[in-house]
Each structure stands twice: as structure tokens, then as C-alpha cells.
Amino acid sequence: MNNQALENRLIAFSVAIISFSKNLETGPAGNHMRSQIIRSGTAPALNYAEARDAESLKDFIHKLKISLKELRETRVALKITKDARLSRSSSLLDNILQENTELIAIFISSIKTSKKRLHQE
């Protein structure tokens, strides 16, 4: 997957997160998880945009790791939301969780590849 395709996929994930957040129940728990999911779920796209302009390969890897951390945080927040039954759309939640899992795998692979390249330099 090239850089632009990954960025587009992360943007689409962010849009899906925002759309999904509208399906969360209102009330203290729903409102809290909505804010959390929006923050962590949109951060990977923003951090990846920064990574693409990294000053060095080491900086690039660091920014990829930040995106990965945000994706993992989002996964946990989505699982809490699912287990607490705060979503009115379980199928949408399952689709977002699947995409989240795939994005995590992509970032893990990219970080490994970048680290190998760094050690070869």
C-alpha cells in the first residue's frame, strides 16, 4: 500500500469514527466514550500526515508508533463501548473494529520494515 492510499484509508477511518460516534447513546458514559473515540480515532490520520513529512527515518518511525498507539487506544475504547452496549449500531461498530484491526496490522508491518531500513543505514 502506498503512502497516499494509506492516508486515504486513515481519513476514511476517521470519517467512519465520526459517523459512528453519532450512534452512541447520550448520557455520561456515552458522551465520555464519544469524545474519547473521536479523539483517538481521528488522531492516526493526523499523525500519519506528520509522519509523511518526517525529518528523518527515525522521526518517521516515531510518528508511526504514535499512530499505532492511537489505533490501539481506539480499539480498546470501541471494545468498551461494545461491551457496555453504548452503541445503537452493532454492525457499524463491528465494521469499524475490523478496519481498526487491519490498520493496526499495517502499522506494525510498516514500523518493522522501517526499523530494518534504519538498521541498514
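See the structure shown above.
Residues numbered from 1 in each chain as written. Predicted model: local features only at pLDDT ≥ 70, side-chain atom pairs only at ≥ 80, totals over all residues. Heavy atoms only, no water.

**Student:** How should I be thinking about the packing of aromatic side chains in this particular structure?
**Tutor:** When we look at a pair of aromatic rings, we describe it by the centre distance and by the angle of the planes. By the definition in use, this model includes one aromatic pair. Taken together, a centroid distance of 6.0 Å and an interplanar angle of 85° make the contact between Tyr48 and Phe107 edge-to-face. Residue Tyr48 is found in helix α2 (residues 28-52), and its partner Phe107 is found in helix α4 (residues 90-120); the two are separated by 59 residues along the sequence. A residue is classified by how much of its surface remains accessible, and Phe107, at 0% relative accessible area, is buried. (Phe/Tyr/Trp six-rings, centres within 6.5 Å; stacked < 30°, edge-to-face > 60°. Helix = DSSP H or I, 4+ residues; strand = E, 2+ residues; numbered from the N terminus. Buried < 20%, exposed > 50% of the residue type's maximum accessible area, 1.4 Å probe, protein only.)

**Student:** Could you clarify how one ought to interpret the environment of Glu73 in this entry?
**Tutor:** Its place among the elements puts Glu73 in helix α3 (residues 57-83). Counting along the chain gives 40 residues from Glu73 to Met33, while the straight-line C-alpha distance between them is 12 Å. Not counting the four nearest positions on each side in its chain, Glu73 is found in contact with Gln36 and Ser40. For Glu73, the side chain forms a polar contact with the side chain of Gln36, separated by 2.4 Å. (Contact = heavy atoms within 4.5 Å. Polar contact = N/O pair within 3.5 Å; in protein donor to acceptor, adjacent residues only side chain to side chain.)

**Student:** Can you help me understand the environment of Asn47 in this one?
**Tutor:** Its location among the elements puts Asn47 in helix α2. Sequence separation between Asn47 and Ala12 is 35 residues, and the spatial gap between their C-alpha atoms is 15 Å. Asn47 has contacts with Lys63, Ile66, Ser67 and Glu70, leaving out every residue within four places of it along the chain.

**Student:** I would appreciate a short explanation of the pattern of salt bridges in the present structure.
**Tutor:** Between side chains of opposite charge, pairing is possible as soon as their charged atoms come close. Under the criterion given, the structure shown has five salt bridges. Close ionic contact of Asp59 with Lys63 constitutes a salt bridge, the shortest N to O distance being 2.9 Å. Placement of both Asp59 and Lys63 in helix α3 is noted, with a separation of four residues, approximately one turn of the helix. The class of Asp59 is buried, set by a relative accessible area of 17%. (Salt bridge = Lys/Arg side-chain N within 4 Å of Asp/Glu carboxyl O.)

**Student:** So what exactly am I meant to see when it comes to unusual backbone geometry here?
**Tutor:** Residues other than glycine predominantly adopt negative phi, and peptide bonds predominantly adopt the trans conformation. Non-glycine residue Arg85 carries a positive phi angle of around 55°. Tracing the backbone through its elements, the reader meets Arg85 in the loop between α3 and α4. Judged by its relative accessible area of 69%, Arg85 falls in the exposed class.

**Student:** Would you mind going over α2 with me for this structure?
**Tutor:** For an α-helix, the turn length of 3.6 residues means that residues three or four places apart are oriented alike. The terminal C-alpha atoms of α2, which comprises 25 residues, lie 37 Å apart, in line with the 36 Å expected from a rise of 1.5 Å per residue. Its axis deflected by about 35° at Ala43, α2 carries its strongest bend there, up to four residues before the proline Pro44. (Expected span 1.5 Å × (residues − 1). Bend = angle between axes of the 7 residues up to and from the residue.)

**Student:** Where do I start with the environment of Leu57 in this structure?
**Tutor:** Mapping Leu57 onto the fold places it in helix α3. For the pair Leu57 and Ile108, spaced 51 residues apart in the sequence, the C-alpha separation amounts to 16 Å. Beyond its immediate sequence surroundings of up to four residues, Leu57 is in contact with Ser114, Arg117, Leu118 and Glu121.

**Student:** Would you mind going over the packing of helix α1 (residues 3-21) against α3 with me for this structure?
**Tutor:** Angle between the axes and distance between the axes: these two values describe a pair of packed helices. Two elements in contact, α1 and α3, have axes whose closest approach is 14 Å; the angle formed by their N-to-C orientations is 25°. Judged on the interaxial angle alone, α3 and α1 are roughly parallel. Classified by chirality, the crossing of α3 by α1 is left-handed. Listed contacts from α3 to Phe13, Ile17 and Phe20 of α1 are Leu71, Thr74, Leu78 and Thr81. (Axes fitted to C-alpha atoms, helices over the stretch in contact; angles between N-to-C directions. Parallel < 35°, antiparallel > 145°, perpendicular 65-115°, else oblique. Left-handed = near helix turned anticlockwise from the far one by under 90°.)

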